[in-house]
Amino acid sequence: MTWDTVIGLEIHVQLSTKSKLFSGGSTEFGAESNTHVDLIDMGLPGVLPVANKEAFYKAIRFGLATGANINQTSTFDRKNYFYPDLPKGYQITQMTKPIVENGSIKIVTDDSEKIVNITRAHLEEDAGKSIHDLFDGETGVDLNRAGTPLLEIVSEPEISDAKEAVAYFKAIRQLVTFLDICDGNMAQGSMRCDVNVSIKKSGDTELGTRAELKNINSFKFIEKAINFEIDRQIRVIESGESVVQETRLYDSEKNETRSMRSKEEANDYRYFPCPDLLPVVISDKELQEIKESLPELPEEKEMRYIREVGLEESEAKIISSSKAMANMFEEASTKTDDAKLIAKWLVGDVSALLNKDHIEIDESNLSSENFGKLIERISDNTISGKIAKSVLEEIWENGSDVDQIIETKGLVQIQDESLLKEIARKVIDANPDQVAAYKNGKDKLFGFFVGQVMKETQGKANPKSVNEILKELLQ
Amino acid sequence: MDKKTVTTISYLSRLKIDGEKEEKIIKDLDNIIEFVDQLDDVDTSNIEPLTNPLEKTAKTRTDEVTAKNLKNELLEIAPSSNEDYFLVPRVVE
């Protein structure tokens, strides 16, 4: 029996506003516990929530970038459940009239491209954090996060395997960071995802019963959790039982999903319109302004890099794939005329260092200004490409200034033709056998002479000049 | 309205119902629902659901942090807390 997998994702994106969705509490991450809690976040009697317009603007940017409908009038509902990190006993969300509906996004996997439709994206408030393991017999509650604006992005169940699910998550992350509506920081929980997984016999049109996987916060775990769950559902069905519709928790340590029965007992959320909040209306003018302020998106950047800057397609793709990388490229390009050389270094040596350290470029010691200057020093022949490599490595270690490294280490390229000629002569005189072999047609030995001159000059000779001088002398 | 529904609703709303009052509450709820059911006689298929009786739209805020640090005051009014957290009976997933 072969099985088809059907997956839908709900991604919670923490919007990068300064203040909360309904209060003037700060959304800063990592603050001392319970210091960013407003009376509204606490749900104290007599308080009235007031919506943060910026959260709407950010949600609309997402909607416009995914070709979605924007509901210029949207409303809030209450989702009722009891949990200690939700002080009001309900979460304010957008059930009936979400701000964004019917968008789509392109995903790319190893062998193909695919459009995934987005059912809706709605605004809602985040809950606080429960700390279970710190106190004996009690749970501690930190409400700093309570009320932080989230955009919940719900996909259609159109994703067919774990790889596509990861590609979809990556595409959403890339988009929200380019749009500057979320910092995309997974370790800090700025993006979290619930995955709905079901299986059906190949070819069946009717969907199987789904399980919802919670608590997944990395690309790796999305893939592992889905693959575990697919296998589990196949085992359940093939043993003659049926899949139960339930919420399951993914345990990354044991690599398994397990039932969260506590959630099941109370899965009737009794949504109703929130009487505290009137419909929020976005004017045509506001919508127009947001449209005009949308930044250039990855695909547009890629095309521009190819057409206007003259980059190779592969280079343009890598550079436009992350906002940090694109920023580095564009900012460094203002420091030198040789944008193609910047691209070559970004895709080559810089990417290699990033991969080695498993970091993003904005986490490295390399500033765009210093990087631009490094490339400029190669273009203006101050240093050779080989020396530039060691300079880059030093910057990578401690962020020192390019010119300072060149000066203190005496790395300036030797341009003096007569000095280079002298060194080249010395090399030729010291290696009569090789000279003879070369003259007898062993062309490959040319590289040997270049290498010897470079060695004599500790890599500081201008390779182009060395080539010319050696050719002349060895004729 | 039956006993099972009332038990579910009382669980969901965390309201405890005394055994002896249960019969009366079931009867009261039945009456309320019957009363509200009169609305079913009206054809509302072309009418947008009312989200708020005030026919107004929301005033909104600009994105500014205006809250003060009320940590000590808020922890103090909680039924149980220590110097950093609100404390509740242990919740384990």
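These numbers were taken from a predicted model, which means no experiment stands behind them.

With respect to the packing of helix 10 (residues 339-357) of chain A against helix 12 (residues 385-398) of chain A
All names here are of chain A.
At step 1: Put simply, helix 10 and helix 12 touch, their axes get as near as 12 Å, and they point 35° apart. Crossing geometry of helix 10 relative to helix 12 is assigned as right-handed. Note on element contacts: helix 12 touches helix 10 through G385, A388, K389, L392 and W396, opposite W345, D349, V350, L353, L354 and D357.
At step 2: Counted by class, the contact of helix 10 with helix 12 contains 7 nonpolar, 1 polar and 3 charged residues.

Comments concerning the pairing of strand 14 (residues 256-259) of chain A
Residue and element names in this part refer to chain A.
At step 1: Sheet analysis places strand 13 (residues 246-251) next to strand 14, joined by 4 bridges and oriented antiparallel. Across the sheet, D251 pairs through a bridge with E256, a residue of strand 14.
At step 2: Counted between consecutive antiparallel strands, the loop separating strand 13 from strand 14 contains 4 residues, among which N255 sits at a positive phi close to 50°.

Some words on unusual backbone geometry
Residue and element names in this part refer to chain A.
At step 1: Despite not being glycine, N381 has its phi angle at roughly 65°, a positive value.
At step 2: By secondary structure assignment, the location of N381 is in the loop between helix 11 (368-379) and helix 12.
At step 3: Despite not being glycine, Q458 has its phi angle at roughly 50°, a positive value.
At step 4: Within the secondary structure, Q458 sits in the loop between helix 16 (445-456) and helix 17 (463-473).
At step 5: Q458 gets classed as exposed once you look at its relative accessible area, which sits at 58%.

Structural notes on the packing of aromatic side chains
At step 1: Enumeration according to the criterion identifies 11 aromatic pairs over all chains in this entry.
At step 2: Seen from their ring centres, F135(A) and Y85(B) are 5.6 Å apart, and the 65° between their planes marks the pair as edge-to-face. Taken together, the residues span two chains, with F135(A) in strand 8 (residues 129-135) and Y85(B) in the loop between helix 3 (71-77) and strand 1 (86-89).
At step 3: Looking at F135(A), the relative accessible area reads 17%, which means it is buried.
At step 4: Look at F448(A) and F449(A): their rings are 5.3 Å apart centre to centre, the planes differ by 70°, and that puts the pair in the edge-to-face class.
At step 5: With a relative accessible area of 26%, F448(A) lands in the partly exposed category.
At step 6: For F449(A), a relative accessible area of 0% translates into the label buried.

So, the interface of chain A and chain B
At step 1: Listed by partner, the interface residues are 54 residues for chain A and 39 residues for chain B.
At step 2: Summed over both partners, the interface of chain A with chain B buries about 4,000 Å², with 58% contributed by carbon and sulfur atoms.
At step 3: At the boundary of chain A with chain B, the tally comes to 2 salt bridges.
At step 4: K71(B) is the salt-bridge partner of E32(A), the closest N and O atoms lying 2.8 Å from each other.
At step 5: Our count for the chain A to chain B interface comes out at 25 residue pairs in polar contact (both at pLDDT 80 or more).
At step 6: Looking at side-chain class alone, the side of chain A that touches chain B contains 25 nonpolar, 16 polar and 13 charged residues.
At step 7: As paired elements, strand 9 (residues 138-142) of chain A and strand 1 of chain B share 4 bridges and run antiparallel to each other. Opposite E138(A), over in strand 1 of chain B, you have P89(B) as the bridge partner.

Rules used throughout
Residues numbered from 1 in each chain as written. Chains lettered and ligands numbered in written order. Predicted model: local features only at pLDDT ≥ 70, side-chain atom pairs only at ≥ 80, totals over all residues. Heavy atoms only, no water. Axes fitted to C-alpha atoms, helices over the stretch in contact; angles between N-to-C directions. Helix = DSSP H or I, 4+ residues; strand = E, 2+ residues; numbered from the N terminus. Left-handed = near helix turned anticlockwise from the far one by under 90°. Contact = heavy atoms within 4.5 Å. Nonpolar A, V, L, I, M, F, W, Y, C, P; charged D, E, K, R; others polar. Pairing = 2+ DSSP bridges. Buried < 20%, exposed > 50% of the residue type's maximum accessible area, 1.4 Å probe, protein only. Phe/Tyr/Trp six-rings, centres within 6.5 Å; stacked < 30°, edge-to-face > 60°. Buried area = accessible area lost by both parts, 1.4 Å probe. Salt bridge = Lys/Arg side-chain N within 4 Å of Asp/Glu carboxyl O. Polar contact = N/O pair within 3.5 Å; in protein donor to acceptor, adjacent residues only side chain to side chain.

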